[in-house]
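# Survey of secondary and tertiary structure
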Amino acid sequence: MIDFKKLSEFYNGKKVLLTGHTGFKGSYMTVILGLMGAKVYGYALKPNTVPCLFDILYGDGVSSRSETELTIRTSRVSGLKTGIVESRIDDILNFDALTDYYNRISPDIVIHMAAQPLVRESYRIPRDTYEINVMGTVNLLECIRNNPCCASFLNVTTDKVYFNEERPGYGYRENDKLDGFDPYSNSKSCSELVTHSYAASFLKDQGVAVSTARAGNVIGGGDFSPDRIIPDCVRAAVGGKEIVLRNLGSIRPYQHVLEPLFVYLTIAMEQALDPEYAGWYNVGPDREDCITTGELCELFVNEYGGDLTWTAPENSEGPHEAGLLMLDNSKLKETFSWEPVWHMPRTIKAVCDWTKAWQSSNTEANEELLREIIEYGQQFK
């Protein structure tokens, strides 16, 4: 079981470099670390959606700016120990800027979440996707190799890194072949291999513990990304439109965003305390939460209420996307005595509760987000 008290004691006062802090998962992570009293240093591009969760949490403006910047951002969420993020808006491909930032901070923990994270977008910009997801990882690992001040490095990848044969009932294990199909998935496979090489060639001997975490499909309130099922549902609900689904029968390992984030923090902590925990981990739900896109949408419609409806065109065109993907989470369970907590009904309720709060005001949305984090964390007391 994840030890919330141990996590809070460990991260209190720690300097954590978080790449991708302006993204959906990164924004949640800044709040969780703020609750624990960590000193959060973010490095990322500006948010690429309007609205965006980071602006809702830390004040409007970042998503509308084009220049790079370094600012101190104070959270609008009350009740945090720190709630302050030093935010560097810059490109992870800017090696000189990244190196200068890393060296000035000399972080204790590095969590790498910056990425081009969209499958369909990767078909449109494959070269950029590989540069960001592979060379961005190389750049950060080079910073650590040249200045191994941190005790722990965690690279957050994806469940899509595996060579997916779409075998019914089979959940991919950590020792299965890595070879994602599309440019996004394949670039994340490459990011994994790069991380393995740096760990074996340099960082283990330098005293830096290294892991990767392969998470399933993450959902939660505040995700405004394009071409994702829950954000599409939210946009339709808020706009009073019908939800239009693609890949109605596709099965994915869905989980609330808080599930993997607490696992990431646990892995980064435990390997810092004992390098024997370093390795490669699937972070996915149990089989009951590996459901179809249609089932997920139906849960959302029923929970959100009103006159919301959905449809699924028979001939929806688009690039190849996996029809079946599941993870085996046995290693994570055996290593850290972990169990998923929020299954799909509670997860979808959290999405709808946050969305309705946000429709009222950003303040209500932030209070709802904090309530959800606290409720989730109470299981560990």
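Higher on the page you've got the structure.
Here is what the cut-offs are and how they apply
Every chain is numbered independently, its residues counted from 1 as its sequence is written. This being a predicted model, a pLDDT of at least 70 is required before a residue's local features are given, and a value of 80 or more before pairs of side-chain atoms are given or counted; all residues contribute to the totals for chains, interfaces and linings. The side-chain figures draw on all heavy atoms in the structure; neither hydrogens nor water molecules are used. Where helices and strands are cited, they refer to DSSP runs of H or I of at least four residues and of E of at least two residues respectively, numbered from the N terminus. Radius of gyration: over C-alpha atoms. The globule rule applied is 2.2 Å multiplied by the number of residues raised to the 0.38 power. Relative accessible area decides the class of each residue, using a 1.4 Å probe on protein chains only: under 20% of the type maximum gives buried, over 50% gives exposed, and in between gives partly exposed. In what follows, residue pairs with any heavy atoms lying within 4.5 Å of each other are defined as contacts. Throughout, the arc means that of the directions going from the helix axis to the C-beta atoms. Paired strands are those between which DSSP finds at least two bridges. Points on a 1 Å grid, built from protein atoms alone, make a cavity when a 1.4 Å probe fits but cannot get out and make a pocket when they are open with protein on both sides within 12 Å along at least 5 of 7 lines; residues with an atom within 4 Å of a point are the lining residues. Grid points are joined across faces, edges and corners, and a volume is the space filled by probe spheres set on the points. Lys, Arg, Asp and Glu make up the charged group, whereas Ala, Val, Leu, Ile, Met, Phe, Trp, Tyr, Cys and Pro make up the nonpolar group; the residues left over, Gly among them, are polar. In this analysis, the expected span of each helix is defined as 1.5 Å times one less than the number of residues it contains. Axis lines are fitted to C-alpha atoms, over the contacting stretch for helices. Their N-to-C directions set the angle, which ranges from 0 to 180 degrees. The salt bridge definition used is simple: a Lys or Arg side-chain nitrogen within 4 Å of an Asp or Glu carboxyl oxygen. When the strands point away from the viewer, a crossover counts as right-handed if the route from the first strand across the helix to the second turns clockwise. In summary, the pairing rule links any two rings of Phe, Tyr or Trp, Trp by its six-membered ring, whose centres are within 6.5 Å, and it sorts them by plane angle into stacked for under 30 degrees, edge-to-face for over 60 and tilted for everything else.

On to the overall build of the protein chain, then. On a plain count of helices and strands, the protein chain comes out with 13 helices and 13 strands. In summary, the protein chain has a C-alpha radius of gyration of 19 Å against a globular reference of 21 Å for 381 residues, a match within 12%. Projected onto its principal axes, the C-alpha positions of the protein chain cover 55 × 45 × 45 Å. Classification of the 381 residues of the protein chain by burial places 59% in the buried group. Considering only intrachain contacts with a sequence separation of at least 6, the fraction spanning at least 24 residues in the protein chain is 78%.

What follows concerns helix H1 (residues 4-11). Listing the buried residues of H1 in full gives Phe4, Leu7, Ser8, Phe10 and Tyr11. Down the axis, H1 shows its buried residues gathered within 165° of arc, on one side only. Away from its buried face, by an angle of more than 90 degrees, H1 presents the exposed residues Lys5 and Glu9. Tucked inside the fold, the buried residues of H1 contact strand E1 (15-19), helix H2 (24-36), strand E5 (109-112), helix H9 (258-273) and helix H13 (362-378). Positioned one or two residues after H1, glycine 13 has a phi angle of 85°, which is positive.

Strand E4 (residues 84-89) sits mainly inside the fold: 5 of its 6 residues count as buried. Direction of pairing for strand E2 (residues 39-44) relative to E4: parallel, over a ladder of 5 bridges. Pairing of tyrosine 43 across the sheet is with arginine 88, part of E4. Two elements, strand E3 (residues 69-74) and E4, share 6 bridges in a ladder whose sense is antiparallel. Across the sheet, leucine 70 pairs through a bridge with arginine 88, a residue of E4.

The final tally for this structure, using the stated rule, is 1 cavity of 30 Å³ or more. For the largest cavity, the calculated volume is near 40 Å³. Contributing elements (two or more residues each) for the lining of the largest cavity: helix H8 (229-239) and helix H12 (344-360). Residues that form the lining of the largest cavity fall into these classes: 4 nonpolar, 4 polar and 1 charged.

Bringing the side chain of threonine 293 into the picture now. Position of threonine 293 among the secondary structure elements: in helix H10 (residues 293-304). If sequence neighbours within four positions are ignored, threonine 293 has contacts with Ile229, Leu245, Arg246, Asn247, Leu248, Ser250 and Tyr254.

Turning to H2, a few remarks are in order. Helix length check: H2 (13 residues) gives 19 Å between terminal C-alpha atoms against 18 Å at 1.5 Å per residue, within 8%. Burial within H2 is extensive, with 13 of its 13 residues counted as buried. Two residues or fewer past H2, glycine 37 is found with a positive phi of approximately 85°.

Sheet architecture is open: 8 strands sit in the order E3-E4-E2-E1-E5-E6-E7-E11, paired in mixed fashion. Each end of this open sheet is capped by a strand with a single partner; those strands are E3 and strand E11 (280-283). When strand polarity is set aside, the average angle formed by the axes of neighbouring strands in this sheet is 20°. Set on the sheet, helix H4 (residues 95-105) makes contact with E1, E2, E3, E4 and E5; between it and E2 the angle comes to about 175°.

Another point: the layout of surface pockets. Empty space within the second largest pocket amounts to approximately 280 Å³. Around the second largest pocket sit 16 residues that line it, and Lys204, Ala209, Val210, Pro275 and Ala278 are the ones nearest its centre. Top contributing element to the lining of the second largest pocket by residue count: helix H7 (residues 183-203), with 3 residues. The class makeup of the residues in the lining of the second largest pocket is 10 nonpolar, 4 polar and 2 charged.

Moving on, we come to the pattern of salt bridges. One pass over the structure, following the stated rule, counts 19 salt bridges. A salt bridge links glutamate 165 to arginine 167; the nearest nitrogen and oxygen atoms lie 3.6 Å apart. The exposure class of glutamate 165 is partly exposed, given its relative accessible area of 47%. Taking the relative accessible area as the measure of exposure, arginine 167 reaches 36% and is therefore partly exposed. Residue lysine 333 pairs with aspartate 286 through a salt bridge whose shortest N-O separation is 2.7 Å.

This next bit is on the pairing of E1. By the criterion of burial, E1 is predominantly enclosed, with 4 of the 5 residues buried. Pairing between E1 and E2: 5 bridges, direction parallel. If you follow threonine 19 over to E2, its bridge partner there is tyrosine 43. After leaving E1, the chain enters H2 and then returns to the sheet as E2, a path that is right-handed.

As a further point, take the packing of aromatic side chains. Counted under the stated rule, the structure contains 16 aromatic pairs. Between tyrosine 170 and tyrosine 172, the ring centres sit 5.3 Å apart and the planes meet at 90°, which makes this aromatic pair edge-to-face. Just as tyrosine 170 is buried, tyrosine 172 falls in that class too. With a centroid separation of 6.1 Å and 65° between ring planes, the pair formed by phenylalanine 224 and tryptophan 354 is classed as edge-to-face. Placement of the pair is phenylalanine 224 in the loop between strand E8 (217-219) and H8 and tryptophan 354 in helix H12, with a sequence separation of 130 residues.

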